[in-house]
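Okay, here's what each chain looks like letter by letter:
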Amino acid sequence: MPREKSSVSREDYLKAIWEIVQEGQAPISARLAKDLAVTPPAVTAALRRMARDGYLRVARGGRINLTAKGRQAAEHLVLRHRLAEKLLTEVLGLDWTAAHEEAERLEHAISLQVEALLLKRFGRESVCPHGVPLFGGLPALRRRGAIKMAEAAVGDELEILHVWEKDKRFLEFVDGLRLRPGARVKVRACEYDQTMTLVVEERPRRVIYLGLPATSRIWVRRVPPSRGSS
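All values derive from a computational prediction rather than experimental measurement.

A. Representation of the packing of aromatic side chains in the model. Within the structure shown, the criterion is met by zero aromatic pairs. Taking the ring centre of Tyr55 as reference, the NZ or CZ of Lys69 above it sits at 4.4 Å. The ring of Phe170 has Arg217 lying over it, and the distance from NZ or CZ to the ring centre is 5.3 Å.

The structure is reproduced here in structure tokens:
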């Protein structure tokens, strides 16, 4: 059982539910307890309060559904989180691998006035350091043709759009391989255990190997073959 945090805000719960839905999974109490590192009784009490206040409904089977009020609050916090990440990396120079954890703390302190200034500075069409659009989230990436790298086929040339940001060790791993958003790779082979052999399209070209735990956390889009690719 996880050790309960001393303080988890209503906004944290709403954002966690929203992010689970964005990932295409069903938000249930057990997943929330794991993601937020709180005890199941704490989740139950929090959900009861938020349902009473009109932020969500708990359906039969335990699935949690945000109301319009709940979605609006969650999306607003997510926007502030991404703006905080951009402020930390593009203005203050923080490494992108540390931006998510720092933004988790900073997001609650951004006022509406500062939010407007940050939006003006970075632009509404920009993306966070991990490749997610400020508005629209993963569905916006899917509309651009994004798939998980694990779903790509041998011979596909891919541009990395988004790297899953909630695990700093994973970010440091892919950063060491220089697999940031914008990098291009070609799938040379895929083994029975789904380990991929990838050619990184840079000079000099490099061959790397990624297993399913990594390729399922990287979102890409297929691109036309580059000149001279092999």
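B. How the structure looks around helix 6 (residues 112-122). Listing the buried residues of helix 6 in full gives Glu115, Leu118, Leu119 and Phe122. Buried residues in helix 6, looked at end-on, bunch into an arc of 100 degrees, giving them a common side. Within helix 6, the exposed residues directed more than 90 degrees away from the buried face are Gln113, Leu117, Lys120 and Arg121. Looking at the buried residues of helix 6, the elements they touch are helix 4 (68-91). In the stretch just after helix 6, Gly123 is the one whose phi turns positive, near 90 degrees.

C. Region of interest: the side chain of Glu159. Here Glu159 lies in strand 4 (residues 157-163). A relative accessible area of 15% places Glu159 in the buried class. Side-chain polar atoms of Glu159 contact the side chain of Arg221, separated by 2.7 Å. In contact with Glu159, not counting residues within four places along its chain, are Gly182, Ala183, Arg184, Trp219, Val220, Arg221 and Val223.

D. Local environment of the sheet that holds strand 6 (residues 196-200). One open sheet accounts for six strands, arranged 3-8-4-5-6-7; its pairing is antiparallel. Bordering the open sheet on either side are strand 3 (147-148) and strand 7 (206-210), each of which pairs with just one other strand. Relative to strand 8 (residues 218-222), strand 3 is paired through two bridges, and the arrangement is antiparallel. Pairing of Lys148 across the sheet is with Trp219, part of strand 8. Its contacts with the sheet put helix 8 (residues 168-176) on strand 4, strand 7 and strand 8, and the angle it makes with strand 4 is roughly 150 degrees.

The rules behind these values
Residues numbered from 1 in each chain as written. Predicted model: local features only at pLDDT ≥ 70, side-chain atom pairs only at ≥ 80, totals over all residues. Heavy atoms only, no water. Phe/Tyr/Trp six-rings, centres within 6.5 Å; stacked < 30°, edge-to-face > 60°. Lys NZ or Arg CZ within 6 Å of the ring centre and 35° of its normal. Buried < 20%, exposed > 50% of the residue type's maximum accessible area, 1.4 Å probe, protein only. Helix = DSSP H or I, 4+ residues; strand = E, 2+ residues; numbered from the N terminus. Arc of directions from axis to C-beta. Contact = heavy atoms within 4.5 Å. Polar contact = N/O pair within 3.5 Å; in protein donor to acceptor, adjacent residues only side chain to side chain. Pairing = 2+ DSSP bridges. Axes fitted to C-alpha atoms, helices over the stretch in contact; angles between N-to-C directions.

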